[in-house]
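Next come the chains, spelled out residue by residue.
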Amino acid sequence: MEEIKVFVPGRLCLFGEHSDWASNYETVDKGYAIVCGLEQGVNIKSKKSNEIIVIHNGSIRKLENLDDIAKSDDFLAYIAGTIKYINDHIINEGIEIEILESTLPIKKGLSSSAAICVAVAKAYNELYNLNLDNKEIMEIAYQGERNTKSKCGRMDQICAYGKSLNLITFKDEKIDITPIKPKFNIYLVFTDLNKSKDTIKILKDLNDCFPNPKNEIEKNVHLGLGTLNENLIMEVIDVIENKNIYELGRLMTKAQNIFDNYVAKASSELEAPYLHELLNDDEVKKLSLGGKGVGSQGDGSIQFIVENEEKQDMLCSYLESKNLKPYKITVVGG
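Residues numbered from 1 in each chain as written. Predicted model: local features only at pLDDT ≥ 70, side-chain atom pairs only at ≥ 80, totals over all residues. Heavy atoms only, no water.

K.L.:
How would you sum up the overall build of the protein chain? Please name residues and give values.
P.N.:
For the protein chain, the count of helices and strands is twelve helices and eleven strands. For the protein chain, whose C-alpha radius of gyration is 20 Å, the value lies close to the compact-globule estimate of 20 Å for 334 residues. Projected onto its principal axes, the C-alpha positions of the protein chain cover 55 × 45 × 35 Å. Counting all 334 residues of the protein chain, 56% fall into the buried class. (Helix = DSSP H or I, 4+ residues; strand = E, 2+ residues; numbered from the N terminus. Rg over C-alpha atoms; globule rule 2.2 N^0.38 Å. Buried < 20%, exposed > 50% of the residue type's maximum accessible area, 1.4 Å probe, protein only.)

K.L.:
Describe in detail the packing of helix α3 (residues 77-89) against helix α5 (residues 134-146), supporting the description with residues and values.
P.N.:
Closest axis-to-axis distance for the α3/α5 pair is 7 Å, and the angle between their directions is 120°. The orientation of α3 relative to α5 falls into the category oblique. Where α3 crosses over α5, the two elements pack in a sense that is right-handed. Contact residues: α3 offers Tyr78, Gly81, Thr82, Tyr85 and Ile86, while α5 offers Ile140, Gln143, Gly144 and Glu145. (Axes fitted to C-alpha atoms, helices over the stretch in contact; angles between N-to-C directions. Parallel < 35°, antiparallel > 145°, perpendicular 65-115°, else oblique. Left-handed = near helix turned anticlockwise from the far one by under 90°. Contact = heavy atoms within 4.5 Å.)

K.L.:
I'd like to hear about the environment of Asn87, residue by residue, with values.
P.N.:
Within the secondary structure, Asn87 sits in helix α3. For Asn87, the side chain forms a polar contact with the main-chain oxygen of Ile91, separated by 3.1 Å. (Polar contact = N/O pair within 3.5 Å; in protein donor to acceptor, adjacent residues only side chain to side chain.)

K.L.:
Which residues make up the sheet that holds strand β11 (residues 325-331), and what are the values?
P.N.:
One open sheet accounts for four strands, arranged β9-β10-β8-β11; its pairing is antiparallel. What marks the edges here is a single partner per strand, and that holds for β9 (290-293) and β11. Between one strand and the next, the sheet's axes are offset by a mean angle of 20°, whatever the strand orientation. In this structure, strand β8 (residues 186-192) lies alongside β11, joined through seven bridges in antiparallel fashion. (Pairing = 2+ DSSP bridges.)

K.L.:
Can you tell me about the packing of helix α7 (residues 216-225) against helix α9 (residues 245-262), naming the residues and giving the values?
P.N.:
At a closest axis distance of 8 Å, the pairing of α7 and α9 adopts a crossing angle of 155°. Judged by the angle between their axes, α7 and α9 are roughly antiparallel. Taking contact as the criterion, the partners of Ile217, Asn220, Val221, Leu223 and Gly224 in α7 are, on α9, Ile258, Asn261 and Tyr262. Taken together, the residues of the contact of α7 with α9 break down into five nonpolar, three polar and no charged. (Nonpolar A, V, L, I, M, F, W, Y, C, P; charged D, E, K, R; others polar.)

K.L.:
Would you mind going over the pattern of salt bridges in detail, with residue names and values included?
P.N.:
Enumeration over the complete set of coordinates arrives at 20 salt bridges. As a salt-bridge pair, Lys62 and Glu64 come within 3.8 Å of each other at their nearest N and O atoms. Assessed through its relative accessible area of 44%, Lys62 is described here as partly exposed. Several salt bridges converge on common partners, so that one network encompasses Glu235, Glu247, Arg250 and Lys254. (Salt bridge = Lys/Arg side-chain N within 4 Å of Asp/Glu carboxyl O.)

K.L.:
So what's going on with α9? Residues and values would help.
P.N.:
For α9, with 18 residues, the first-to-last C-alpha span of 26 Å sits near the 26 Å given by 1.5 Å per residue. Of the residues making up α9, those classed as buried are Ile245, Leu248, Gly249, Leu251, Met252, Ala255, Gln256, Ile258, Phe259 and Asp260. Its side-chain oxygen placed 3.1 Å from the backbone nitrogen of Tyr246, Asn244 serves as the N-cap of α9. (Expected span 1.5 Å × (residues − 1).)

K.L.:
Explain the side chain of Ser113 to me, and be specific about the residues and the numbers.
P.N.:
By the element assignment, Ser113 lies in helix α4 (residues 112-127). Of the residues examined, Ser113 reaches a relative accessible area of 13% and is grouped as buried. Within the structure, the side chain of Ser113 is placed 3.1 Å from the side chain of Glu145, a separation counted as a polar contact. Apart from the residues within four sequence positions on either side, Ser113 is in contact with Tyr78 and Glu145.

Nothing here speaks to function; it is geometry throughout.
Shown next as structure tokens:
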């Protein structure tokens, strides 16, 4: 029986988190985000089957009630949610999936859940010759994750496009993807903060600010995820295409300040004390040009822009001395 392997990278949102789902509301004209693919990701092996079977860490699970599993806290919820959507709307066939490796930290803003949903959709596409394009695969993965407890937006599934740097524009459940060509290399350092955050609560708290703001805090969330984000993204694109990494570092810090002042006050999960402690660390400030939270924000993960490879190494060493596990990410420009 034919057996295939699928790799799907994680994705890092450099700017524009939360604007994907916020753009579904009338008070946000459009959502804008700048996203890059990663070296890290999810590897699976799959083949056709009469049943739905998942193999992980040597254990074999047969998934029978997909809806119950998708709505649970089970590790396999995202797989079950995606297969349920495929079986209900595209093709009612089984599959055997073996998770070979995942180099993405879980629930840290690198789209680990979206990556596995996209991997499942790609596996079905290849095994059953569905002839789906990347946008259709993204849609399946999005609907699959929405079958779980997650109220994600549409940004995460950009990992279907691989490792490129893209501007994503969102409006009314539709997305446009535009490649960005940087004038210079973008040197990034990412690290998991080894703390906890509740992404589901963050999304609920922020969605509760819509559609009609009830107070000043909720009005600011609309502004922060709408007009202020749009203005910032336009400035970022100009810098990436025409200026330098120092200006980009400044804008990354500006993005965090906008988030803290206009969005974070709507959820206690966004206070992120350790994130801010690290952003204000004197040594981090010396080695980086700017930094901000990742994904839904909170004390999950942090990213920095640095001047060059040497500073990447130096910042990684410093973060390791604080018992963190940093990753180097470079977006090649020129």
